[in-house]
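Below are the chains, spelled out letter by letter.
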Amino acid sequence: MQLSDSSDEEVVQFTDGDTEMMQKHFFQLDTEEDEREAITMQFDMKQYIKLLERRKKEKAEREQKKQKQKQVFRTKMNASTTQEIERELSNTIKKEHFLEMKIIGQFNLGFIITKLGDNLFIVDQHATDEKYNYEQLQQKTKLQIQKLLKPMTIEFSSADEMVIMDNLEIFRMNGFDFEIDENAEATKRIKMTAYPFSQGAEFGVRDVQELIFMIRESPEGMVVRLARVSQVFASRACRKSVMIGDKLNKEKMQQIIKHMGTMTNPWSCPHGRPTIRHLVDMSLLPALAQKKTQQKQKQDFYPPVGM
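Computed from a predicted structure; not experimentally measured.

Cut-off values and rules
- Residues numbered from 1 in each chain as written.
- Predicted model: local features only at pLDDT ≥ 70, side-chain atom pairs only at ≥ 80, totals over all residues.
- Heavy atoms only, no water.
- Helix = DSSP H or I, 4+ residues; strand = E, 2+ residues; numbered from the N terminus.
- Contact = heavy atoms within 4.5 Å.
- Buried < 20%, exposed > 50% of the residue type's maximum accessible area, 1.4 Å probe, protein only.
- Pairing = 2+ DSSP bridges.
- Expected span 1.5 Å × (residues − 1).
- Core = buried A, V, L, I, M, F, W, Y, C linked by side-chain atoms within 4.5 Å.
- Arc of directions from axis to C-beta.
- Lys, Arg positive; Asp, Glu negative; His and termini not counted.
- Salt bridge = Lys/Arg side-chain N within 4 Å of Asp/Glu carboxyl O.
- Axes fitted to C-alpha atoms, helices over the stretch in contact; angles between N-to-C directions.
- Parallel < 35°, antiparallel > 145°, perpendicular 65-115°, else oblique.
- Left-handed = near helix turned anticlockwise from the far one by under 90°.
- Nonpolar A, V, L, I, M, F, W, Y, C, P; charged D, E, K, R; others polar.
- Disulfide = S-S within 2.5 Å.

Chemist: Help me out: how do you make sense of the overall build of the chain in this one?
Modeler: Per the secondary structure count, the chain includes eleven helices and ten strands. The contacts of the chain with a sequence gap of at least 6 include a subset with a gap of at least 24, amounting to 64%.

Here is the structure:
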């Protein structure tokens, strides 16, 4: 296709490959059998651009629809495939999908049935609410601290000292505080001034070393907690959460599902209990019903030998 300037309007030259589309969408051409390879005609460029834009939009909508239809869950639900199930869920369900889930109802006073597209899911109301409360405690809670009467000098390696100095806020979130003397010689720059306090638990230098190791092994920006602190939070979260047996209204169920979209890891509770599982793809039910009917008809037509 070639454009040529004219005093009043645009003139476009089309090859044979363009002619069919132009005839279909803009005008009828009276072409003879001995039609030349190129013809010259008057053409509305604005209308042509609108057509291209409309087709581009329709293509994007089709691709988006196909993408949604790709939410297919194939992993069977059994104890030996828990990791595979969670990996499949995390790869298929995005955070915004929890906002799109429709509440179907409560089952057996312990589970929420939700629908996303053609897929039904079952959500453990206690495990899910517990995980939300646990992550909130992990992110926001500072432990009670016990200040020392006199700062305690602790010798760390130079590398460990740098970890503490670069991550003081993480240590404070876990109940530890330090006095830093940057002018002191290496390995003697840090003195502990406070440690966490919890009934029935004692914390000390070994816990500081555990935190140093966890910080090194964790991705940057991740909330890091001592294992014993996480256990305390898990216990607190359990006690304050919705329980199995609690009757929930639609608003509360919607809130629990919505909270899943804010979690770092919404797939299991702090104790490892699953929070959500896929039940069925309802778009497959007609085909399954038809297959079952055909199998029954085949059995009726070919009864077992001996009957």
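Chemist: Please clarify how the pairing of strand 6 (residues 119–124) should be interpreted in this entry.
Modeler: Two faces, one strand: in a regular strand the side chains alternate between the faces of the sheet. For strand 6, the buried fraction is high: six of the six residues fall into the buried class. Burial of strand 6 is two-sided: the residues Asn119, Phe121 and Val123 facing one way and the residues Leu120, Ile122 and Asp124 facing the other way are all buried. Relative to strand 6, strand 5 (residues 111–116) is paired through six bridges, and the arrangement is antiparallel. Among the inter-strand pairings, Phe111 is bridged to a residue of strand 6, identified as Asp124. Counting the residues between successive antiparallel strands, the hairpin from strand 5 to strand 6 contains two residues, one of them, Gly117, with a positive phi of roughly 65 degrees. Here five bridges tie strand 6 to strand 10 (residues 276–281), and the two strands are oriented antiparallel to one another. If you follow Val123 over to strand 10, its bridge partner there is Ile276.

Chemist: Got a minute to help me understand helix 5 (residues 125–140) in this structure?
Modeler: Given 3.6 residues per turn, any residue in an α-helix points the same way as the ones three and four places further on. If you check helix 5, its first and last C-alpha atoms are 23 Å apart, about what 16 residues at 1.5 Å a residue would give, namely 22 Å. Burial runs high along helix 5: 13 of the 16 residues are buried.

Chemist: Is there a simple way to think about the nonpolar core in this case?
Modeler: Note on soluble globular proteins: their nonpolar side chains tend to be buried together. By size, the foremost hydrophobic cluster in this structure holds 24 residues, and its most contacted members are Phe156, Ile164, Phe171, Phe176, Phe178, Val208 and Ile212. Secondary-structure elements contributing two or more residues to this core are helix 5, helix 6 (158–166), helix 7 (168–173), strand 9 (190–196), helix 8 (205–217) and helix 9 (227–240). For Phe176, the residues in contact, after removing those within four places along its chain, are Phe171, Met192, Ala194, Tyr195, Pro196, Phe203, Gly204, Asp207, Val208, Leu211 and Leu226. Residues Phe98, Phe121, Val123 and Val242 belong to the second largest nonpolar core, which totals 20 residues.

Chemist: What's the story with helix 8 in this structure? I'm lost.
Modeler: The terminal C-alpha atoms of helix 8 lie 19 Å apart, and with 13 residues this matches the ideal 18 Å at 1.5 Å per residue to within 8%. Within the span of helix 8, buried status applies to Asp207, Val208, Leu211, Ile212 and Ile215. Take helix 8 and look down its axis: the buried residues cluster within an arc of 150 degrees, on one side only. Away from its buried face by more than 90 degrees, helix 8 exposes Arg206, Phe213 and Glu217. Looking at the buried positions of helix 8, the neighbouring elements they touch are helix 6, helix 7, strand 8 (177–180), strand 9 and helix 9.

Chemist: Which parts of the structure should I look at to understand the environment of Asp181?
Modeler: Positionally, Asp181 belongs in the loop between strand 8 and strand 9. C-alpha of Asp181 to C-alpha of Lys191: the two residues are ten residues apart in sequence and 8.3 Å apart in space.

Chemist: What is the right way to look at the side chain of Glu130 in this model?
Modeler: You can see Glu130 is positioned in helix 5. For the buried Glu130, no salt bridge is present, and the opposite-charge side chain at shortest range is Arg273, 6.4 Å distant.

Chemist: Can you walk me through the packing of helix 5 against helix 9 in this structure?
Modeler: When two helices pack together, their arrangement is given by the angle between the helix axes and the distance between those axes. At a minimum axis distance of 8 Å, the contact between helix 5 and helix 9 shows a crossing angle of 130 degrees. With respect to their mutual orientation, helix 5 and helix 9 come out oblique. Once helix 5 is placed against helix 9, the crossing between them reads as right-handed. In this structure, helix 5 uses His126, Glu130, Asn133, Tyr134, Leu137 and Gln138 to contact helix 9, whose residues at the interface are Ser230, Phe233, Ala234, Arg236, Ala237, Cys238 and Lys240. Grouping the amino acids of the contact of helix 5 with helix 9 by side-chain chemistry returns six nonpolar, four polar and three charged.

Chemist: Looking at this model, I keep getting lost on the state of the cysteines. Mind explaining?
Modeler: What makes a disulfide is a covalent bond joining the sulfur atoms belonging to two cysteines. Going through the model one piece at a time under the given rule, you end up with zero disulfides. The thiol of Cys238 is unpaired, and the distance to the nearest cysteine sulfur, on Cys269, comes to 8.1 Å.

Chemist: It is not clear to me how the sheet that holds strand 9 should be interpreted in this structure. Could you clarify?
Modeler: What links the strands of a sheet is backbone hydrogen bonding, and the strands pair in either a parallel or an antiparallel sense. Read from one edge of the open sheet, three strands run 7-9-8, paired in antiparallel fashion. Two strands bound the open sheet, and with one partner strand each, they are strand 7 (145–153) and strand 8. Each adjacent strand pair in this sheet contributes to an overall mean axis angle of 15 degrees, direction not counted. In terms of strand pairing, strand 7 meets strand 9 through five bridges, oriented antiparallel. Pairing of Gln146 across the sheet is with Tyr195, part of strand 9.

Chemist: Explain the pattern of salt bridges here, please?
Modeler: Close approach of charged atoms allows side chains of opposite charge to pair. Applying the stated criterion to the full structure yields five salt bridges. With a shortest N-O distance of 2.7 Å, Asp124 and Arg273 are connected by a salt bridge. Of this pair, Asp124 sits in strand 6 while Arg273 is found in the loop between helix 10 (250–260) and strand 10, placing the two residues 149 residues apart along the sequence. Note that Asp177 and Arg172 form a salt bridge whose closest N and O atoms lie 3.1 Å from each other. Arg172 gets classed as partly exposed once you look at its relative accessible area, which sits at 32%.

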